[in-house]
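Notes for the structure review
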Amino acid sequence: MTKPEILVTRAVFPDVVERLSQYFEVEANPDDQLYSKDELIAKLQGKAGVFTTPSSSITAEVIAACPSLKAICNMAVGFNNIDVAAATQAGILVTNTPDVLNETTADFAWALLLAAARRVTESEHWLRAGKWQKWRYDTLLGADIHGATLGIIGMGRIGQAIARRSMGFDMNVIYHNRSRVPEQLEARANNARYVSKEELLRTADHVMLALPYSPEAHHTIGAAELAQMKPSATLVNIARGGIVDDAALIVALRAGRLAAAGLDVFENEPAFDPGFLTLSNVVLTPHIASASEPTRRAMANCAADNLIAALGGISPPNLLNPEAMAKIQGMAKG
Ligand code: DGY
């Protein structure tokens, strides 16, 4: 029996590609070329499945141009690079990789908060530049984390994992989310208290963003929101570029309107706004919050599991559009 053909759009762990080749004819991309839209469309001709990452945009146009496609499996929890509605319309299954990265991503959110609020990277640059000549009472003063109020916008599984870690810092946690989460989850998340976005911005000492990107979430933090935050506050974004208005954030950081920021994601990444490079009060990392060796492996294997199930006629474990499955099953029944 001939194996279905799939495309792996970016370089991925060779053993995962090997695993996929047991089930599929795989066109991999070990050289990690970035395909243009037209190259992607050309490579997807005749392919039944695609193993993607957030840097590959599977738009409505790509979907319409690739009639053989049956499954789009993203190696990420976020899936704003895929037009799920268009995929559903075309009867294509779409999956993501939730859960496996919650704890690793939450760890990293804390790394950014501690580094930004306590000026860790700035201190190191200062020291390496030979500026440490004497001890002074006011050298590189930062903000306290312990005992402070932590505001989390987006109380999904990653937001909850961030909140749980705040217990060790004896923090007061407030959160804002599309809707309030069940009380037992609030209790486990260091007794997090649901508040309006305005109250959170006004009262939090540190704000962490952990919400998924959607058109409604675009510029959740813009100039108006930054103006509501405490000037001593820190902003951490481990969610997605576009949730923060980066130009407005640069203005606020430069003016000292906001003390510090820790950013793992950016608008238009990797071509982020070079204005950030002129600021010492921001910690910048290249979208690596989930990048521990075990977690990136787990994400790759999770995406592979989804693809193997989807093209094997089984409902994949992390199906985002069950309507597409119903459509396929309806079609099979005739
Ligand atoms: C995700 O899973 O969405 C992370 O941002 C990794 O890309």
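Residues numbered from 1 in each chain as written. Predicted model: local features only at pLDDT ≥ 70, side-chain atom pairs only at ≥ 80, totals over all residues. Heavy atoms only, no water.

Focus on the overall build of the protein
The number of helices and strands found in the protein is 13 helices and twelve strands. For the protein, whose C-alpha radius of gyration is 22 Å, the value lies close to the compact-globule estimate of 20 Å for 334 residues. Here the C-alpha coordinates of the protein stretch approximately 75 × 45 × 35 Å along the principal axes. For the protein, the proportion of its 334 residues judged to be buried stands at 49%. Restricting the contact set of the protein to residue pairs at least 6 apart, pairs at least 24 apart contribute 60%. (Helix = DSSP H or I, 4+ residues; strand = E, 2+ residues; numbered from the N terminus. Rg over C-alpha atoms; globule rule 2.2 N^0.38 Å. Buried < 20%, exposed > 50% of the residue type's maximum accessible area, 1.4 Å probe, protein only. Contact = heavy atoms within 4.5 Å.)

Some words on the pattern of salt bridges
A complete count under the given rule lists 18 salt bridges for this structure. A salt bridge links R19 to D305, with the shortest nitrogen-to-oxygen separation between them at 2.4 Å. Of this pair, R19 sits in helix α1 (residues 14-21) while D305 sits in helix α12 (residues 293-311), placing them 286 residues apart in sequence. Overall, R19 belongs to the partly exposed group, its relative accessible area being 23%. A salt bridge links D99 to R157, with the shortest nitrogen-to-oxygen separation between them at 3.1 Å. Remark: R157 occurs in helix α7 (residues 157-165) and D99 occurs in the loop between β5 (93-95) and α5 (102-117); sequence separation between them is 58 residues. The class for R157 is partly exposed, based on a relative accessible area of 49%. Through salt bridges that share partners, E103, D107, R164 and R165 make up one connected network. (Salt bridge = Lys/Arg side-chain N within 4 Å of Asp/Glu carboxyl O.)

Side note on the nonpolar core
Counting residues in hydrophobic clusters, the biggest one holds 56 residues, and the most contacted among them are L20, F51, I162 and I238. Ranked by residue count, the leading element in this core is α5, at nine residues. Excluding residues that lie within four positions of it along the chain, L20 makes contacts with I6, V8, V26, F51, A304, L307 and I308. (Core = buried A, V, L, I, M, F, W, Y, C linked by side-chain atoms within 4.5 Å.)

So, α5
The end-to-end C-alpha distance of α5 is 22 Å, a good match for the 22 Å that 16 residues give at a rise of 1.5 Å each. Three or more residues of α5 are buried, namely N102, T104, T105, A106, F108, A109, W110, L112, L113, A115, A116 and A117. The positive-phi residue at the C-terminal boundary of α5 is R119, with phi of around 55°. (Expected span 1.5 Å × (residues − 1).)

Things to note about the packing of α5 against α7
Contact pair α5 / α7: the axes reach a minimum separation of 8 Å and the direction vectors enclose 55°. Comparing their axes, α7 and α5 come out oblique. In this structure, α5 meets α7 at a crossing whose hand is right-handed. On α7, the residues that touch N102, E103, T105, A106, D107, A109 and W110 of α5 are R157, I158, A161, I162, R164 and R165. Among the residues making up the contact of α5 with α7, the classes are represented as six nonpolar, two polar and five charged. (Axes fitted to C-alpha atoms, helices over the stretch in contact; angles between N-to-C directions. Parallel < 35°, antiparallel > 145°, perpendicular 65-115°, else oblique. Left-handed = near helix turned anticlockwise from the far one by under 90°. Nonpolar A, V, L, I, M, F, W, Y, C, P; charged D, E, K, R; others polar.)

With respect to α7
Among the residues making up α7, those that are buried are I158, G159, Q160, A161, I162 and A163. On its buried face, α7 sits against α5, β6 (149-153), β7 (172-176), α8 (183-188) and β9 (206-209).

Remarks on the packing of α1 against α12
At a closest axis distance of 10 Å, the pairing of α1 and α12 adopts a crossing angle of 10°. If you check the angle between α1 and α12, you find them roughly parallel. Where α1 approaches α12, its residues D15, V16, R19 and L20 are matched on the opposing element by R297, A300, N301, A304, D305, L307 and I308. Here the residues of the contact of α1 with α12 are counted per class, giving six nonpolar, one polar and four charged.

A short note on the side chain of T285
Assignment of secondary structure puts T285 in the loop between β12 (282-284) and α12. In this structure T285 touches F108, L112, L263, D264 and F266, once residues within four positions along its chain are discounted.

Nothing here speaks to function; it is geometry throughout.
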